[in-house]
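A closer look at the structure
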Amino acid sequence: MLQIAFGLAMDAFAVSIVAGITLAEVTPRHVFRLAFHFGLFQALMPLIGWAAGRELVDYIGAYDHWLAFGLLAFVGGKMLWEARHDHPPEMKTDPTRGIMLVTLSVATSIDALAVGLSMALLDVSIWVPAAVIGLVACAMSVVGIGFGKRISPAWGRGAEILGGLVLLGIGVRILVSHLGA
């Protein structure tokens, strides 16, 4: 179960690094919001997948990879645009607030929906796995945002560009893995 939880948390970890790079100052409030939401969505998606059953997953499975790609491409593209234009730090988008936070939370947890479906098909109880998945994602998000903040001053604008490219890369990886399957 821990291997699955860590595998699912890798996208949240990478996006948390990007958030740490993007923010001018990382406060405990930023860390809490990001880790709480990433952990919550990572825990809820397997529950939704488990409860949805086979019929709904067939419907969602046809386009979930496009949704994840679109969301990550939008956020990554916005970061690249902001890195190319001089904006005071207070004018940059805060990835730990509002629609940006919800968008990132959904995009990084869509794969957990499929895990929940598989557990339903295997007739496995979902409660403990969902809690473990959520807690691991929460912890990995805390580590990721801290790591991102540590490398941000050294890399500056280049780190923000790298962050945008990482988000685009995650989106492309999700898209390719689903289209190739």
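The preceding data block contains the structure.
Worth saying up front: this structure is predicted, and the values here are computed from it rather than measured.

Looking at the environment of L67
- Counting through the fold element by element, L67 comes out in helix α3 (residues 64-84).
- Residue L67 is classed as partly exposed on the basis of its relative accessible area, which comes to 40%.
- Measuring from C-alpha to C-alpha, the distance between L67 and I110 comes to 8.8 Å, with 43 residues separating the pair along the chain.

As for empty space enclosed by the protein
- Applying the stated criterion to the full structure yields one cavity of 30 Å³ or more.
- As a volume, the largest cavity reaches approximately 90 Å³.
- For the largest cavity, the lining is made up of 13 residues, of which T22, V75, M79, P95 and M100 are closest to its centre.
- Those elements that place two or more of their residues in the lining of the largest cavity are α1 (2-22), α3 and α4 (98-121).
- Across the lining of the largest cavity, the residue classes break down as nine nonpolar, two polar and two charged.

Comments concerning α1
- Compared with the 30 Å implied by 1.5 Å per residue over 21 residues, the 29 Å span of α1 between its first and last C-alpha is a close match.
- Roughly 35° is the biggest bend found in α1, and it falls at M10.

Points about α3
- Compared with an ideal rise of 1.5 Å per residue, which puts 21 residues at 30 Å, α3 spans 30 Å between its outermost C-alpha atoms and is within 8% of the ideal.
- Regarding α3, the residues found buried are D64, H65, A68, L71, L72, V75, G76, M79, L80, E82 and A83. Each buried residue of α3 sits inside an arc of 165° when the element is viewed along its axis, so together they form one side. Exposed side of α3, more than 90 degrees from the buried face: F74 and R84 are the residues found there.

Definitions and cut-offs
- Residues numbered from 1 in each chain as written.
- Predicted model: local features only at pLDDT ≥ 70, side-chain atom pairs only at ≥ 80, totals over all residues.
- Heavy atoms only, no water.
- Helix = DSSP H or I, 4+ residues; strand = E, 2+ residues; numbered from the N terminus.
- Buried < 20%, exposed > 50% of the residue type's maximum accessible area, 1.4 Å probe, protein only.
- 1 Å grid on protein atoms, 1.4 Å probe; cavity = no way out; pocket = protein on both sides within 12 Å on 5 of 7 lines; lining within 4 Å.
- Points joined across faces, edges and corners; volume = space filled by probe spheres on them.
- Nonpolar A, V, L, I, M, F, W, Y, C, P; charged D, E, K, R; others polar.
- Expected span 1.5 Å × (residues − 1).
- Bend = angle between axes of the 7 residues up to and from the residue.
- Arc of directions from axis to C-beta.

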